[in-house]
Structures are given as C-alpha cells and as structure tokens.
Amino acid sequence: MELLVVIAIIGILAGGIVTVVDPLTRLQKARDAQRKSDLRQIQRALEIFHNDTNTYPSSLTFGASWTPYMGQVPEDPSTGRNYAYSRPDTQTYYLYASLERGDDAQACGGACPNVGALSCGAGLQCNYGATSTNTSP
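Below is a short write-up of the structure. Quantities reported herein were computed from a predicted structural model and do not represent experimental measurements.

**With respect to the environment of A64**
Inference 1: Along the chain, A64 falls in the loop between α2 (23-53) and β1 (84-89).
Inference 2: Residues A64 and P74, 10 residues apart in the sequence, show an inter-C-alpha distance of 8.0 Å.
Inference 3: Setting aside residues up to four positions removed in sequence, A64 forms contacts with G71, Q72 and V73.

**Some thoughts on unusual backbone geometry**
Inference 1: In this model, T67 is joined to P68 through a cis peptide bond whose omega is 5 degrees.
Inference 2: Secondary-structure assignment places P68 in the loop between α2 and β1.
Inference 3: Of note, the phi angle at N54 is positive, near 60 degrees, even though the residue is not glycine.
Inference 4: Mapping N54 onto the fold places it in the loop between α2 and β1.

Quick notes on the rules
Residues numbered from 1 in each chain as written. Predicted model: local features only at pLDDT ≥ 70, side-chain atom pairs only at ≥ 80, totals over all residues. Heavy atoms only, no water. Helix = DSSP H or I, 4+ residues; strand = E, 2+ residues; numbered from the N terminus. Contact = heavy atoms within 4.5 Å.

Just distances and angles here, no functional claims.
What follows is the structure, encoded as structure tokens:
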C-alpha cells in the first residue's frame, strides 16, 4: 500500500514537471531560433555575393553547397517546412521562413508581403522575413 502511495505521488510530481517544462514549446522556440539564425547567415552570404557581383543570385538551392559564400545553404530544421527565396530584380531579394510560434513572427504581420507564389510549406504562412538592404520584408 505504501508503495502505491509513493508511486502515485511520483506520478503526480512528474506530471506537474512536464506541464511546467512544456517540452513542445521549448522545441518550437529552439527551431524558430534556428530559422532566424539561418536567415541571418543566408542574408550575410547574399550581401557578400552582391558585393562581388553587383547582383543577387537568381535562385538559391537550400541544402546545397554555395562556396565560397557558404559551406551549405541551410534548410528549415523541420520536415515539411521550407525557406523561400525570391529575387524580383537584380538588386532586391526576399527571404522567408514559417515560424511555428506566432508570437515570434516578424513585424510584417500575419503574412509578409512580397511572398507572391512563394511557399514555406503546404498550408504554412511565411511569417518571418529578411530582405536586401534597400527594401523591407
């Protein structure tokens, strides 16, 4: 009987700890932080490319090597999600991600303008962006 009481107390404490820690939210925050970091890294590489060529690349292949600008262009850390890149002209680009936590979305609001046909994944909203220095997301 005492053993059952101890097991029940441990179960209640474990349930309380899991509720307080909320591992799902922590994982979402970690992946969103990775997305923001990836977009900053890509943005720096794009600016270096622009300084060398006076244009932005017409496309980016995420997950592929892009030497000497980056060892590998980062991909979204979650399956089913993508980064989106668009270059409407040689002097402008838009780079977007879909954050999992809406409260971390960028000031561009619910959906970033200039996304057009870009997709951050099926049914996902591109809600965080980075752009060339001469424009805003």
